[in-house]
Every structure is written in structure tokens, then in C-alpha cells.
Protein chains: 2
Amino acid sequence: MKEIEVKSRAFTYRILIEAGCLERCGEMIRKVSDSKRAVMISDDNVWEKYGSIAETSLKKMSFAVDSIRIKPGEGSKTIDCFTKVCEELGNLKVLKDDLIIALGGGVVGDLAGFVAAVYMRGLNYIQIPTTLLAQVDSSVGGKTAIDLPQGKNLIGAFHQPLLVITDPELLSTLNKKQLKQGMAEIIKYGAIKDKELFKKLEQYGSIEGALLHMEEIIYRCCDIKRSFVEQDERDNGERRKLNFGHSFGHAIEKIGNYTLHSHGEAVAMGMNIAAGIGMKLGITDAETGKRLTQILNAYELPTQVQSNYKDIVRHMAIDKKNDEKGLKLVLLKNIGQSLLYTIAEQELENILEDVLDDILELIV
Amino acid sequence: MKEIEVKSRAFTYRILIEAGCLERCGEMIRKVSDSKRAVMISDDNVWEKYGSIAETSLKKMSFAVDSIRIKPGEGSKTIDCFTKVCEELGNLKVLKDDLIIALGGGVVGDLAGFVAAVYMRGLNYIQIPTTLLAQVDSSVGGKTAIDLPQGKNLIGAFHQPLLVITDPELLSTLNKKQLKQGMAEIIKYGAIKDKELFKKLEQYGSIEGALLHMEEIIYRCCDIKRSFVEQDERDNGERRKLNFGHSFGHAIEKIGNYTLHSHGEAVAMGMNIAAGIGMKLGITDAETGKRLTQILNAYELPTQVQSNYKDIVRHMAIDKKNDEKGLKLVLLKNIGQSLLYTIAEQELENILEDVLDDILELIV
């Protein structure tokens, strides 16, 4: 079993990574929690596949188990769904000493984590991520959130989990679209911080190739995330580099009304835009831009962008990362090295128009 | 000007108390905030009386000011109202560096504080409490919350304000009902922690008498609250004593559907019940119970309880303070001395039936 220790303001917690460990989740959780009662929050699809395995293991360790199921998909990261889950906790008379367990992908983790952050002003919670995206990214670092019509993740809290249990075997039931979501983030980690990881991903050459090394890849990614989170838990500086491709990506997702592109696809396009902008500004060298586009293509992630540049900038203006000095971008210097860059809205518009043209030409 | 420094986990902040200080709020806030922009959250009544005074002062110190108004009353502490305020912040493109200012009573403070806690995962905020209840209680200590149908304050966060600005002159526009709300909490502070304060309140003998000494009273109460909050910011132990009368009070409010009794009235009844239970258990001496009932009567607060004892216990069972060992009560030993006490649901039902009978007899 691989272990990573994450130091947060409030306490230190572990990420445990091992193929097949879901069926021992009860034991692992009992080591960090005295709670008599656990409420699992999951979506219908995940629950059908893994609910009873987790439940059996928890009951063995004498947890009383309840479960709350939500509909699969980003559509559940709403205030409505949040309200329903909280009301159900109230109806179940869940108390402050009880434990929340998020069993699912990013949507379940973000929503259940936010519920745990604010129900009775905060309950302990455990993350059991079931998608590649959640295993390498959203389950680590304590960021929880729900969406508003005005923006993704606009309401949320920093609330660290007591434990993250990651079972790479769960990936075997994911479809390619779901795997690609995670690959976009994995490529991101390599691009911003770890040239060795990036090089290995180039060697593996495809999703199928990478799958053979997934336990190691997840470990590397979680460890990179740990290092950013420990430096900057509240996301005021260094941690923002993790947002590489995401400001553009969020805008692209929003323009497509969260249905046209998945988060991973949008982030892939966003990374490609960020590389393009970095090159125009003379920050990113040309070889780096090329390697990024190539690896995204190899992992079947989109690099072409159809959205209008003005729409993209308009939607970026509401991002949490901005301040009155301008929009905050993450740019690459080269593979494995990234930096934060502030740009005025108008300047970004001008450059972005060119960059989008270039990207289209490149493809054609 | 009276000042109290409150040390919290995240930072130290001040409570500033001075008659007439609202018109200088801009100066006071500028000393603790570099924000370019402030969004005031207030209710329609308060805004009509004090909005322009605060706004003028803020603009003088070069804050760009927006305002969001909610309907007055507990009915605004809902998820619906919370959602509307957050969406309005999104529409106004409020960013992470902007400042929230809560101008109003407990409802505005609790709601705006919670919005500030979770909008973009946390913005700085300032409390300007305009009711006696908010000035002596809810504006201090960083507890923010909204209600669910399943219980009051069931969703919330700990989020400390950057500053609390308390202007006792604002009390002059309150009606008697509003003053009584605050008096219930003031009597509570004396009862659980400060026998000198309690004695003075007995001497003042009435709301009108106490009003002449209000700046001093507010200072005393805030300082008592400070001492509890500093010892136990997250409300896991000592701070719970501040809940004297409140577990019963919340249940009584809920039974009356939040319309039959005000919070202050319900807390007054709750304190009287807690004294009765303390006496039955041999913890509270008879003289203490008598003095408590008398002072509540002197300040025109209700002591008689019409609710059914089974209903009260049923509604108490969902309280955040409980755990599997039973219901958590705050009881008095004598005036100025309180303790935490855990009681099984069934035992509480048995005693409560007697206590309610006694209280009714006493009145008749």
C-alpha cells in the first residue's frame, strides 16, 4: 500500500492507495474515527457497483450505516441537491459526532465535502474517490464546492477529509470518457511540476498504456497536489498553479452549458490555450507548446477550440482567482515549470483572438 | 470608545463600542481592510434607517459600495434567501478581495456571515449589529448559520469577522419587543458567568432602567462572550455554556413554528425550564431559581411554558450539541456559575413533565 501524509492547518491526514482496498475501507476508517454512525453519500451508478462492498466492510467494524444517493452528473452540484442532502441528514437525525463518507467521483466528493463542511457547522468526512479524476485531484486538498448559475464552484468551503481511500481497481469499470477526464489532470501535473512524469506519459503514449502504471501515476499526482496544498492550503498563491488550463476550461464548460464538453475536455482545451498565450507572450517556449499539444492528442483529448474569444474572457471575469489588477493565468515556462501571470481583461482579449486563430490553423 | 480584542484561530479582531460611531464606520473599516469594494447586506427596515449613513461614511474612505437587501425577520434565514444573495453577488461580479458588511440584527448577521463564509470559499466580512440581541450576542464569535425545516441554524460555518462595530445609539429606534430579545441574552450572561452583572440587572429593575447603562452592559456581555469563544472557538466544550436556556428555547420556537414566540421569549422560558430541571436534579439551589424567575418577570420576559413536554424533548433531539450519550444541557449551580450536564432522553422527559407542571402551578 502506498501512503501519503498531508499536513493541513487543522490536522494531518493520509491518502491510502492500494488496488482492491475498498473492501477493507471499514478497517481503515475505524483507525481514524470513533464515530458510531456513518452516512455514505454516493450517486446511483456508483452505489449500485460499490455501495454494498463499502457498507459490508463498515458494518464489520461496527459502524451503523445510512446512505444518501444523488443523481449522477454535474447537475447534482446544485443548491437544490445540496439542500435535499442536508434535509435528509436532518431527517435521519445525524449529529455532530457522526461521520460522512463520500463514495463517488468529483461531483459526489465536492458536494458531500461541502455538506460535511456546513451541516451543523462541520462534521468529519472521508473521501473514497471512484473516478480517475477524483483519485488524482478532487479528493485531495479539502476544496469542496457546489455550482451557481453564475459560476462553477462559486459556493464552497475548505474542509479537509479525515482520510482519503483510493482503490485503483475501481477504475476498471470506468468508460473511456471518464478515464480521459482524469488523464487531462494527470497531464496537467506533469506540465506544471514534474517533467519526469510528463516524459513517462509521453512514453506510455495512450490511455491504455498509462492504465498499466496507474497506481504509480496516482501516487505521483497526489504527492504533487500534496506539496501545493501544504504550501498554500487556502489557495492564495502557489496552489493556484494547479489551475493550469482551468480558468479557460471553466469558461469553455460554461459556454457549452456544461453539456457540450466534459470538465476534462475543457481543461485540455484550456491548457492548449494557455500554452498558446504563453508562447505569444514569449514566456512558453515553442517546443513546450508542441509537446503539450501532442500529448493531449495522444491521450485523445481535444485541443481545438470553437468558442468565441470574447465569450471566453467574459466568463473568466467571474473567476475566484481574479482581483482588481486583472485576470490570473497560469502559464508554462517549459515542461515541469509553471508561473502565475496577471493580465488585463482587454489585453487577454487581444491575444486570445490570435491564439484561437492559430490553434484552428494548426489543426486545419 | 470601548474596545475588546478577540483572539481567534485565524486572526485577532476587535469589537468597537461607542454611541454614535456608525457615522464613522468607514474610517474604522478602512483601518482593517484594503478592499476597493464593499457589499452591504441589510434588511429593508434597517437599510431605510441607517443605510445611507453607513454608505456615506464608506464612500468617504473610497470604498465602492453596493448593497443587497433582504426581507426583515427570521423568514430570511433560509436556503432560498441565501441562494438569492449569493446569486446577486455573482451578478455583481463580487470577487475574493471584496468585503462583505452585515448591517442589521441577528438574522442579517447570521445570513451575511454565512454568505461571507462560503461565497468563493470565504470573503472577509464586518459585523455592524443594529439590535440589542446582535450587539450582545450574535455579532461576536464567528458563528454563522441559516435554518432548515429540520432545525434552526442547522447549516452554517465558523467564520470570524474582521471587525465588529457596535453603536448603542442604534438601539433608540428599537421597540420593546426587540429590546426584550436582547435582555434575555444579557440576563443569561449574568446567570451563567457574572453574578455582579446579574445583581446590577436586579437593581436596574426594568428595561428602561437598564437602557441608561447600556454601553457598559454591552461591553460586559461582549467580554464574557469573548472569554468563552477564546477558550473554545469551535464550540466543543466550555462555549456551550452560552447555550443556557437555548436547547429548550429552540424547541419552543420550533413548536410555535417560529411565529408564536420570539427567540428571546423562547430563551427566557428555556432558562426558567433549565433552572427548574437543575433544582429537581439537586444541582441548582432554590434561591437561584427564584431569582432567575423574578428577574425574567421584571424584564417582562415570559416564564410560563404552554408546550407539551414530549414535543419539547422530541425537538431537542436534533440539536447540534447532542451525541449518542444523550442530550446536553446547561444548568446553573448558582447565579454566575454554570455547568454542562448530559441526560438521557427518557430521563429528561420524566423530569420535564414535573418541571412544566411546577412552573404552571407557580404562575397560577
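Predicted model only: the values in this text are computed from it and were never measured.

A.B. asks: Help me out: how do you make sense of the interface of chain B and chain A in this one?
C.D. replies: Quoted interface sizes are often the accessible area lost when the parts come together. Listed by partner, the interface residues are 39 residues for chain B and 40 residues for chain A. Surface buried jointly by chain B and chain A totals about 3500 Å² across both partners, of which 64% is contributed by carbon and sulfur atoms. Summed over the shared surface of chain B and chain A, the number is eight residue pairs in polar contact (both at pLDDT 80 or more). Taken together, the elements giving at least two residues each to the side of chain B that touches chain A come down to helix 3 (79–91), helix 4 (106–118), strand 7 (143–148) and strand 8 (151–158) of chain B. Per-element tally for the side of chain B that touches chain A: the top contributor is helix 3 of chain B, with seven residues. Residue composition of the side of chain B that touches chain A, by class: 18 nonpolar, nine polar and twelve charged.

A.B. asks: Sorry if this is basic, but what is going on with the relation of the copies chain B and chain A here?
C.D. replies: Two copies of a chain can be linked by a rotation about an axis combined with a shift along that same axis. Superposing chain B onto chain A requires a rotation of 180 degrees together with a translation of 0.0 Å along the rotation axis, leaving an RMSD of 0.0 Å. Taken together, the rotation and translation describe the operation of a two-fold axis. Residue I79(B) of chain B places its C-alpha closer to the rotation axis than any other residue of that unit, at 4.1 Å. The fraction of interface residues of chain B whose copies in chain A are also interface residues reaches 100%, indicating that both copies meet through the same surface.

A.B. asks: Sorry, what's going on with the domain arrangement of chain A here?
C.D. replies: All names here are of chain A. Taken as a whole, chain A is organised into domain 1 (2–173) and domain 2 (193–359). Computed over C-alpha atoms only, the centres of domain 1 and domain 2 are separated by 27 Å. Each partner contributes to the interface: domain 1 provides 32 residues, whereas domain 2 provides 24 residues. Between domain 1 and domain 2, the buried area comes to about 2600 Å², and carbon and sulfur atoms account for 62% of it. Broken down residue by residue, the surface that domain 1 buries against domain 2 is led by K2, K152 and F158, which jointly contribute 22%. K2 is paired through a salt bridge with E216; the nearest N and O atoms lie 3.8 Å apart. In this assembly, domain 1 and domain 2 are joined by eight residue pairs in polar contact (both at pLDDT 80 or more). Of all the elements in the fold, those that place two or more residues in the side of domain 1 that touches domain 2 are strand 1 (2–7), strand 2 (12–17), helix 5 (132–138) and strand 8 (151–158). Tallied by class, residues from the side of domain 1 that touches domain 2 come to 14 nonpolar, nine polar and nine charged.

A.B. asks: Can you help me understand the packing of helix 10 (residues 246–255) of chain B against helix 11 (residues 263–280) of chain B in this one?
C.D. replies: Packed helices, taken two at a time, are described by the angle their axes make and the gap between the axes. All names here are of chain B. Put simply, helix 10 and helix 11 touch, their axes get as near as 7 Å, and they point 130 degrees apart. Taken together, the axes of helix 10 and helix 11 are oblique relative to one another. Both helix 10 and helix 11 take part in a crossing whose hand is right-handed. For the pair helix 10 and helix 11, contact is made by H246, F248, G249, H250, I252 and E253 and by H263, A266, V267, M269, G270, I273, A274 and I277, respectively. Taken together, the residues of the contact of helix 10 with helix 11 sort by class into eight nonpolar, five polar and one charged.

A.B. asks: Help me understand the sheet that holds strand 4 (residues 64–70) of chain B in this model?
C.D. replies: Adjacent strands of a sheet form backbone hydrogen bonds with each other and so pair up, either parallel or antiparallel. All names here are of chain B. Ordered in space as 1-2-9-6-5-3-4, the seven strands form an open sheet in which the pairing is mixed. Here the strands that pair on one side only, and so sit at the sheet edges, are strand 1 (2–7) and strand 4. Here the strands of the sheet are splayed against their neighbours by 20 degrees on average, with no regard to which way each runs. Where strand 2 (residues 12–17) meets strand 9 (residues 163–166), four bridges bridge the pair, whose relative direction is parallel. By the bridge assignment for strand 9, L16 is matched with I165. Together, strand 3 (37–43), strand 4, strand 5 (99–104) and strand 6 (124–129) form the strand contacts of helix 4, whose direction differs from that of strand 5 by roughly 165 degrees.

A.B. asks: When you look at helix 7 (residues 195–204) of chain A in this model, what are you seeing that I'm missing?
C.D. replies: The α-helix advances 3.6 residues per turn, and as a result positions three or four apart in sequence lie on the same side. All names here are of chain A. Turning to helix 7, its buried residues are L197, F198 and L201. Down the axis of helix 7, the sector holding all buried residues measures 100 degrees, keeping them to one side. Taken together, the buried residues of helix 7 touch helix 6 (176–193), helix 9 (214–231) and helix 12 (286–298). The N-terminus of helix 7 is capped by D194, whose side-chain oxygen sits 3.2 Å from the backbone nitrogen of E196. One or two residues past the end of helix 7 sits G205, with phi positive at roughly 80 degrees.

A.B. asks: Can you walk me through the sheet that holds strand 3 (residues 37–43) of chain A in this structure?
C.D. replies: All names here are of chain A. Spatial ordering of the open sheet is given by 1-2-9-6-5-3-4, a layout of seven strands whose pairing is mixed. Since the sheet does not close on itself, it has two edges, and those belong to strand 1 and strand 4 (64–70), each with one partner. Neighbouring strand axes in the sheet, compared pairwise and without regard to direction, differ in orientation by 20 degrees on average. Note that strand 3 and strand 5 (residues 99–104) share five bridges and pair parallel. Following the sheet pairing, A38 is matched in strand 5 by L99. Where helix 9 meets the sheet, its contacts fall on strand 1, strand 2 and strand 9 (163–166), and the angle it forms with strand 1 comes to roughly 10 degrees.

What counts and what doesn't
- Residues numbered from 1 in each chain as written.
- Chains lettered and ligands numbered in written order.
- Predicted model: local features only at pLDDT ≥ 70, side-chain atom pairs only at ≥ 80, totals over all residues.
- Heavy atoms only, no water.
- Contact = heavy atoms within 4.5 Å.
- Buried area = accessible area lost by both parts, 1.4 Å probe.
- Polar contact = N/O pair within 3.5 Å; in protein donor to acceptor, adjacent residues only side chain to side chain.
- Helix = DSSP H or I, 4+ residues; strand = E, 2+ residues; numbered from the N terminus.
- Nonpolar A, V, L, I, M, F, W, Y, C, P; charged D, E, K, R; others polar.
- Least-squares fit on C-alpha atoms with pLDDT ≥ 70 in both.
- Domains from an automatic or database assignment.
- Salt bridge = Lys/Arg side-chain N within 4 Å of Asp/Glu carboxyl O.
- Axes fitted to C-alpha atoms, helices over the stretch in contact; angles between N-to-C directions.
- Parallel < 35°, antiparallel > 145°, perpendicular 65-115°, else oblique.
- Left-handed = near helix turned anticlockwise from the far one by under 90°.
- Pairing = 2+ DSSP bridges.
- Buried < 20%, exposed > 50% of the residue type's maximum accessible area, 1.4 Å probe, protein only.
- Arc of directions from axis to C-beta.

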